[in-house]
Amino acid sequence: MDENKAIIVVDMINDFVTGRLGGEYAEAIVPDVRELLEKTKEKHMMRIFVQDSHEEDDPEIPHWGQHAMKDEEGSETIPELQGLANKKINKRFYDSFYKTDLEKILKQNGIDRVILVGVTTDICIQNTAAGAFYRGFDITVLKDCTAALSKERHENALEYMRTIFGVEVSSSEEIIATMAPDQN
Ligand SMILES: [Zn+2]
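Below, the structure is looked at part by part. What you are looking at is a predicted structure, and each value in this text was computed from that prediction instead of being measured.

The rules behind these values
- The residue count restarts for each chain, going from 1 along the sequence in the order it is written.
- Thresholds applied to this predicted model are a pLDDT of at least 70 for local features of residues and 80 or more for the giving and counting of side-chain atom pairs; totals over whole chains, interfaces and linings are not thresholded and use all residues.
- Heavy atoms from the whole structure form the basis of all side-chain values; hydrogens and water molecules are not counted.
- Only residues whose relative accessible area exceeds 30% and that form no salt bridge are eligible for patches; like-charged ones are grouped when within 9 Å, while nonpolar side chains (Val, Leu, Ile, Met, Phe, Trp, Tyr) are grouped when within 5 Å.
- For the accessible areas, the method is Shrake-Rupley and the probe is 1.4 Å, while residue cover comes only from the protein chains on display.
- Each salt bridge in this description consists of a side-chain nitrogen of Lys or Arg and a carboxyl oxygen of Asp or Glu lying within 4 Å of one another.
- Two residue types count as positive, namely Lys and Arg, and two as negative, namely Asp and Glu; His and chain ends fall outside the count.
- Charge positions are represented by NZ for Lys, CZ for Arg, CG for Asp and CD for Glu.
- Here a strand is any run of E in DSSP of at least two residues, a helix any run of H or I of at least four, and the numbering for each starts at the N terminus.
- Summary of the burial criterion: residues with accessible area below 20% of their type's maximum are buried, those above 50% are exposed, and those between are partly exposed, where the area comes from a 1.4 Å probe applied to protein chains only.
- Planes of paired rings set the category: under 30 degrees apart is stacked, over 60 is edge-to-face and the rest tilted, where pairs are Phe, Tyr or Trp rings (Trp by its six-membered ring) whose centres lie within 6.5 Å.
- Contacts were defined at the residue level, with two residues in contact if any of their heavy atoms lie within 4.5 Å.
- By the criterion applied in these results, polar contacts are pairs of N or O atoms within 3.5 Å in which, for protein atoms, one can donate a hydrogen and the other can accept it, and in which residues neighboring in sequence qualify only through two side-chain atoms.
- Every axis in this analysis is a line fitted to C-alpha atoms, fitted for helices over the stretch in contact. Angles between the N-to-C directions lie between 0 and 180 degrees.
- Working rule for angles: under 35 degrees goes down as roughly parallel, over 145 as roughly antiparallel, 65 to 115 as roughly perpendicular, anything else as oblique.
- For this classification, the nonpolar set comprises Ala, Val, Leu, Ile, Met, Phe, Trp, Tyr, Cys and Pro, the charged set comprises Asp, Glu, Lys and Arg, and every other residue, Gly included, is treated as polar.
- A pair of strands counts as paired when DSSP detects no fewer than two bridges linking them.

## Overview of a negative patch on the surface
Thinking step 1. Taken together, Asp112, Asp138, Glu168, Glu173 and Glu174 make up a surface patch of like negative charges.
Thinking step 2. Mapping Glu174 onto the fold places it in helix α8 (residues 172–178).
Thinking step 3. Using a relative accessible area of 41% as the deciding quantity, one classes Glu174 as partly exposed.

The following block contains the structure:
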């Protein structure tokens, strides 16, 4: 059943896709992420976007330089995915759960499995998988809807999450295929 799953869309914002920390690797997953969100929206599956929204004194800023600053264009959802979120949550750390309401919202909605998509596989996706694991959620990561700076970093992170957090590695095609065709 779809009712107990939520899709968590991590950092599909301008700075991480087409902006200062983005690139072709991130742009390449946009069509699959969009299709997944359109299809799951039709089926009323929960879709929560969790996105960087930084303050000047955040610990990441000296490390990466300014990116995804609060209230700037760089921290906005990319145009291709506008209108596809049930809910948007701002974060200030790699882990989407850390100092956010994500856990509370998932629990209020009876969600027990999170499906992670977005960028990058080895940073915010992997840290969000850790946050989900610590809080007892089952975790799926979609290999065609996540990306990292290199193919190797992507594959290594998937393997790490599978081994360490028991993550199920799947694809958008598989998720779409498992949704009942006339569930409405
Ligand atoms: Zn950041």
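## What about the pattern of salt bridges?
Thinking step 1. Here the structure, examined in full by the defined rule, presents 12 salt bridges.
Thinking step 2. With a closest N to O distance of 2.5 Å, Arg92 and Asp58 form a salt bridge. Placement of the pair is Arg92 in the loop between β3 (87–91) and α5 (102–108) and Asp58 in the loop between β2 (46–52) and α4 (60–64), with a sequence separation of 34 residues.
Thinking step 3. Arg92 gets classed as partly exposed once you look at its relative accessible area, which sits at 34%.
Thinking step 4. Its relative accessible area of 2% is what places Asp58 among the buried residues.
Thinking step 5. Among the salt bridges present, the one from Glu155 reaches Lys151, with a minimum N-O distance of 3.7 Å. Remark: Lys151 and Glu155 occur in helix α7 (residues 151–165); sequence separation between them is 4 residues, near one turn of the helix.
Thinking step 6. Classification of Glu155 by relative accessible area gives partly exposed; the value is 39%.

## Quick word on the packing of aromatic side chains
Thinking step 1. Going through the model one piece at a time under the given rule, you end up with 5 aromatic pairs.
Thinking step 2. Taken together through their ring pairs, the aromatic side chains of Phe133, Tyr134, Tyr160 and Phe165 make up a single cluster.

## Re the environment of Lys88
Thinking step 1. With respect to the helices and strands, Lys88 occurs in strand β3.
Thinking step 2. On the basis of relative accessibility, which here comes to 44%, the residue Lys88 falls in the partly exposed class.
Thinking step 3. Along the primary structure Lys88 and Met69 are separated by 19 residues, whereas in three dimensions their C-alpha atoms are 16 Å apart.
Thinking step 4. Filtering out sequence-adjacent residues up to four positions away, Lys88 remains in contact with Phe49, Gln51, Thr77 and Gln82.
Thinking step 5. Of the polar contacts made by the side chain of Lys88, one reaches the side chain of Thr77; its length is 2.7 Å.

## Regarding the packing of helix α6 (residues 121–134) against α7
Thinking step 1. At a minimum axis distance of 10 Å, the contact between α6 and α7 shows a crossing angle of 10°. The angle between α6 and α7 falls in the class roughly parallel. In this structure, α6 uses Thr121, Asp122, Ile123, Ile125, Gln126, Ala129, Ala130 and Phe133 to contact α7, whose residues at the interface are Arg153, His154, Ala157, Leu158, Tyr160, Met161, Ile164 and Phe165.
Thinking step 2. For the contact of α6 with α7, a count of residues per class yields 11 nonpolar, 3 polar and 2 charged.

## So, the sheet that holds strand β6 (residues 168–170)
Backbone hydrogen bonds hold the strands of a sheet together, and the pairing may be parallel or antiparallel.
Thinking step 1. Spatially, 6 strands are ordered β3-β2-β1-β4-β5-β6 in an open sheet, and the strand pairing comes out parallel. The open sheet is flanked by β3 and β6, the only strands paired with a single partner. Strand-to-strand, the axes of this sheet are offset by a mean angle of 25°, without reference to chain direction.
Thinking step 2. Pairing analysis gives 5 bridges linking strand β1 (residues 5–10) to β2, with the strands arranged parallel. Considered in β2, the bridge of Ile8 is made with Ile48.
Thinking step 3. Packed onto the sheet, helix α3 (residues 30–42) meets β1, β2, β4 (113–119) and β5 (138–147) and runs at close to 135° relative to β5.
Thinking step 4. The sheet contacts of α7 involve β5 and β6, and relative to β5 the element is tilted by about 175°.

Any functional reading would require information that these geometric values do not contain.
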